[in-house]
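# A structural walkthrough
These are the residues of each chain, in order.
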Amino acid sequence: MNVSILGTGYVGLTTGVCLAFLGHKVTCADADEGKIAMLENGEVPFYEPHLADLITEARCNLKFTTDYSQAIPGAQVIFIAVGTPPGPNGAPDLKYLQSAARGIGENLSGGFTVVVNKSTVPIGSGNWVGSLVREAFEQRNGRKSNGNFSVASNPEFLREGTALHDSLFPDRVVIGADTAQTGEVLYTLYRPILDQTFQPPPYLPRPEEVGAVPLISTDLASAELIKYAANAFLALKISYINEIGLLSEKVGADIAQIAKGIGLDARIGTRFLQSGIGWGGSCFGKDTAALIATAHEYGLEMPIVNAAREVNRRQRERVVDKLLGELRILKGRTIGLLGLAFKPHTDDLREAPALDIARKLIERGARVKAHDPVAMERFKREHPDLEVLCCETPEEVARDADAVVLVTEWPQYREMDWEAVAKTMRTAIVLDGRMVLDRARMSRAGLKYLGLAC
Ligand code: UGA
C-alpha cells in the first residue's frame, strides 16, 4: 500500500521503516530539513538499536521529504506521528497535530484515504482531526470532501530501546475507527504483522512465543483511551512497587524477592515491577498528566494516577536523602552518576531522573560527574546550563568520588571491575538506584552498598 508518515520521531520513523520493511511504499515527511537530510544519508537522528540497519534493508521502499505535497497525494494511509509535547496545564500541546491535519486536508487527492492518529492524542482528537482535514480540503478545493477520507486511531505501544521489536512483534494491535471500511484498510496494512507471515531480519529474530497477534477493533474514543490507560497502568505498577519498597526497607525485607513473589501471580505479572528511581521519559509523565487533565474537563479526579505521580517524584528526592544520610554533608563532595538517559538503550533525556538528581545535588553544593554510553553528546547539547562534568569512561566518574549513583541500568555498569573502581574512590560508596547490582559482590569489592529500597 502507499503510506505516508508525518513526523519522523521515535514513533513515526519506526512505524514507517517497519511498514517499508514489510513491503509497503512509505514516504516519511518532517518539517525539519536537518532530520530529513540525515535520513536521506542513512543516518538516524536519535539512538535506537538496529533502526539504521532496517532503514538500509527497506531503503527501496522508503522516501524522505519535507514537502507535504510530495507525501500526501495518492497515499492510501497517512499516519500522523508528530510530537504532542506537554503544555503548561498538563494537557498536551496540539499545534503540530493541528498543522499536520491542515496539511493533509490541503493536499488530499486521489481515492479514499485513511488518516491515522498514531501520536498519543487526547480523547476526542479523532473527531477534531477529521474536522480540520475537512475544513482545509474544502477551503483549498472549494467543494465538499464527500467522504474521500476517514480518521482512525491506532495507538502505539513501542518502548524506546526496543522499538523495532515492539513494532514487529506487538502484544496487540489496536484500531479505533467509526466505519468498517476504515478498519478494513488498516487490517490489510497490518496483515503481515497480525499473521506474523514476514521473515524477520537476523538481528531481530521472532521470539518463540509469538503467534498471531490479537487485533482490538474498536471505536475512536476507546482506542484513544486504551493508550492512556495502558501507560498510566504501567506507571502506577512501577510506583506501587516503589511504595512497597519504602516499607520493605523499613522492615528489612528484600524488594526483588517481593516483586518476584507477587509478579508470578499471573494476575499481576512480573514485568514493570523493577523498583528503583522510578519512571522518566517522554511518555509516562506526560500521559498521566494528560489523563488527569482530561478527567478534570469532565469533573473527575484521578486519585490513583495522581498518587503514582507523587510517589515517582519522591523517588528522585530519595537519592539525595540517601546520600545525605550517608555522607552527612554534600557541599564540596563529588558525586558520580552512572547513566544520564531515562533508561538503557536510548539517548533520550526527556524527563530523565539523572537531570533532576544532578540539579538537586548541585543545589546542595556537590560537584557532579557523569557518564552515559550514548547520551552524553545530547546531554551537552540540550543541557548546557547544568554543571555536570561528562567523563569518557565510568571509571573516570568514580575516580576521587565520594559516592557513585547507578541511575540508568546500562548492562556495562554491572560488568565493571568494581574492585578496581573502589580503590580509586575517595569514599567507596555505591548507591544502586535501579536495584540491579549484586550487594554481596559490591561488599567483596570493598564498596559500601546502598540500595534505593534497602
Ligand atoms: C512507554 C511504554 O512502555 C510503551 O508501551 C509506550 O508505547 C511508550 O511509553 C509511549 O507512550 O510512547 P518508554 O517510555 O519508551 O515506553 O519506556 P519504558 O520501557 O516503558 O520505561 C519507562 C520508564 O519506566 C523508564 O524510566 C524505566 O526506567 C522505568 N521503569 C520501567 C521502571 O522504573 N521499572 C520498571 O519495572 C520498568
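Reference entry: report on the structure contained in this document. (Residues numbered from 1 in each chain as written. Predicted model: local features only at pLDDT ≥ 70, side-chain atom pairs only at ≥ 80, totals over all residues. Heavy atoms only, no water.)

## Things to note about the sheet that holds strand S3 (residues 62–65)
- The eight strands lie next to each other as S3-S2-S1-S4-S5-S6-S7-S8, forming an open sheet whose pairing is mixed. Both edges of this open sheet fall to S3 and strand S8 (215–218), since each of them pairs with a single strand only. Here the average twist between neighbouring strands, direction ignored, is 20°.
- Of the strand pairs in this sheet, strand S6 (residues 149–153) and strand S7 (residues 173–177) are connected by two bridges, and their pairing is antiparallel. Bridged to Ala 152 within S7 is Ala 177.
- Of the strands in this sheet, strand S1 (2–6), strand S2 (25–29), S3 and strand S4 (77–80) are in contact with helix H1 (residues 10–21), which crosses S1 at around 165°. (Pairing = 2+ DSSP bridges. Helix = DSSP H or I, 4+ residues; strand = E, 2+ residues; numbered from the N terminus. Axes fitted to C-alpha atoms, helices over the stretch in contact; angles between N-to-C directions. Contact = heavy atoms within 4.5 Å.)

## Remarks on the environment of Ala 308
- Relative to the helices and strands, Ala 308 resides in helix H12 (residues 303–327).
- Classification of Ala 308 as buried rests on a relative accessible area of 5%.
- Distance in space between the C-alpha atoms of Ala 308 and Arg 159 is 20 Å, their sequence separation being 149 residues.
- If we ignore the near neighbours within four places in the chain, the residues touching Ala 308 are Leu 236, Ser 239 and Trp 279. (Buried < 20%, exposed > 50% of the residue type's maximum accessible area, 1.4 Å probe, protein only.)

## Observations concerning the sheet that holds strand S14 (residues 448–451)
- Across the sheet, six strands lie side by side as S11-S10-S9-S12-S13-S14; this open sheet has parallel pairing. In this open sheet, the two strands that pair with only one neighbour each are strand S11 (388–390) and S14. Across this sheet, the average inter-strand angle for adjacent strands is 25°, counted without regard to direction.
- Here three bridges tie strand S10 (residues 367–371) to S11, and the two strands are oriented parallel to one another. Looking at S11, one finds that Ala 370 is bridged to Cys 390.
- Where H12 meets the sheet, it contacts strand S9 (334–338), strand S12 (403–406), strand S13 (429–432) and S14, and its direction lies at approximately 155° from that of S13.
- The strands touched by helix H13 (residues 353–363) within the sheet are S9, S10 and S11, with S9 carrying the most contacts at an inclination of about 180°.

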